[in-house]
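Read off the chains here:
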Amino acid sequence: VPPPPTLDVPEVPTDHDILLRAARGEVTERTPLWMMRQAGRYMKAFRAYSENYPFRVRSETPSIAVELSLQCVKAYGLDGCIMFSDILTPLSAIGIEWDVIKGKGPVVYTDVTTEEGVDSLTALGDVDEKLPFLGETLRALRGHTEGKCTLLGFVGSPWTLSAYAAEGGGTKDARKIKHMMYHNPDLARKLFDKLAVMAGEYAVHQIDSGAQVIQVFESWAHHLSPADFEKFAKPAAKKTIEIIKKAKPDTPVIYFANGGSAYLDLQRDMGCDMVCVDHQICMAKARSDLGADVPVSGNVDPSVLFGTEEQIRQAVRDCVDGAGGPGNRHVMNLGHGVRQGTPEESVGWAVDEVKRIRK
Ligand code: CP3
């Protein structure tokens, strides 16, 4: 008896593009997922690199950046691969010097709080010339992920990037950028505007190089009142999103305001395809604040990954339920990045649970 034909076994899994479809706002057969900061120090395989190479070497050497982007995807079968890079990466192309210092975090050396500082910033220009590793990394990654999962690019939002630059690094109170906003709003807006254009053009370049979805990180939204979000951060982020959508109408854009879930009503009209939600709000309430027509991403508490297997699985089920059931125009994610020290097997349980919940 001849062996049964194997032709109808699909070589390309049918869910290889499920994240892309959901990000476009389509109903899907299950809820797809990736995790912010999925490439990181919680993985032993990652630490083998981070203990030996500084951050900028890792993120600006294509062979290493590709390996670090793929480690977690291969280990867990995530539906999305996000390039290993940083929101600060493009700053050097417009004249802002920065680094990530081990044990301290990001540091920005260029002063952008003065008229001269803002005026000295250049246009992004030719990314292939100024940041050649970016295109090389994304093109190689697309080769690896094609037919397997969705490739994500990302940019920092103009307000968050401006705040990082103004503060010179991490901050408790974002005092310098606030001072600028209150005392010299025109100069602050000029800075936001320059970074809005840079972020938009940088994202377009990522799409040209292979990125299929772009996430815009408003990582410091927790520093903003709803009024200041509306007045300063929102128009700037909308400008970035507009630049991306105008050049690449078919590429979904996800907007994530970390700490911004108290003003989701203000995020209905960002011009993006999907809004990612932090974990300070239940997914069901997030959906109702945003409006049922807005596709959502998020929002399992990253700290639940320090819990038991059952607690992790339950948190994932609650999030899917809160979004209205599996595949309901929802990309599962955490409410912020995977925390350092997260047990590796916890990530596996979360991925397994999302993939098990089917209609
Ligand atoms: O998500 C991923 O797995 C892709 C990689 C990624 C990194 N940074 C790698 C990284 C992404 C998407 C980012 C974006 C980023 N960078 C954001 C937005 C996401 C968020 O957390 O809100 C922000 C705010 C930054 C700024 C930044 N860069 C921080 C806060 C840090 C950590 C500092 C520290 O020492 O803990 C960095 C450096 C950085 N970028 C690390 C990683 C894995 C850690 C440092 C290292 O690996 O040496």
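Refer to the preceding data block for the structure.
These numbers come from a predicted model, not from an experiment.

Each value, and the rule that gives it
- Residues numbered from 1 in each chain as written.
- Predicted model: local features only at pLDDT ≥ 70, side-chain atom pairs only at ≥ 80, totals over all residues.
- Pairing = 2+ DSSP bridges.
- Helix = DSSP H or I, 4+ residues; strand = E, 2+ residues; numbered from the N terminus.
- Axes fitted to C-alpha atoms, helices over the stretch in contact; angles between N-to-C directions.
- Contact = placed C-beta atoms within 7 Å.
- Buried ≥ 20, exposed ≤ 12 C-beta atoms within 10 Å, placed from the backbone.
- Right-handed = clockwise from strand over helix to strand, strands pointing away.

### As for the sheet that holds strand 1 (residues 80–82)
What the seven strands build is an open sheet, ordered 1-4-5-6-7-8-9; its pairing is parallel. A single partner strand is all that each edge strand has here, and the edge strands are strand 1 and strand 9 (330–334). Between one strand axis and the next, the sheet turns by 25 degrees as a mean value, whatever way the strands run. Sheet topology places strand 7 (residues 274–277) next to strand 8 (residues 296–300); three bridges connect them, and they run parallel. Directly across from valine 277, in strand 8, lies its bridge partner glycine 298. The sheet contacts of helix 7 (residues 132–145) involve strand 1 and strand 4 (150–156), and relative to strand 4 the element is tilted by about 150 degrees. Against the sheet, helix 11 (residues 226–247) makes contact with strand 4, strand 5 (213–218) and strand 6 (253–257), and its axis sits at roughly 165 degrees relative to strand 5, the strand it touches most.

### Comments concerning the environment of alanine 174
Along the chain, alanine 174 falls in the loop between helix 8 (158–167) and helix 9 (175–183). Taking C-alpha positions, alanine 174 is 8.9 Å from tryptophan 220, a pair spaced 46 residues apart along the chain. If near-sequence neighbours (up to four positions away) are discounted, alanine 174 is found in contact with Ala163, Glu167, Trp220 and His223.

### Quick word on the pairing of strand 6
Burial analysis of strand 6 places five of its five residues in the buried class, which makes it a mostly covered element. Along strand 6, one buried face is formed by Val253, Tyr255 and Ala257 and the opposite face, lined by Ile254 and Phe256, is buried too. Running through helix 11, the crossover from strand 5 to the neighbouring parallel element strand 6 is right-handed. In this structure, strand 6 lies alongside strand 7, joined through three bridges in parallel fashion. Looking across to strand 7, one finds that isoleucine 254 is bridged to methionine 274.

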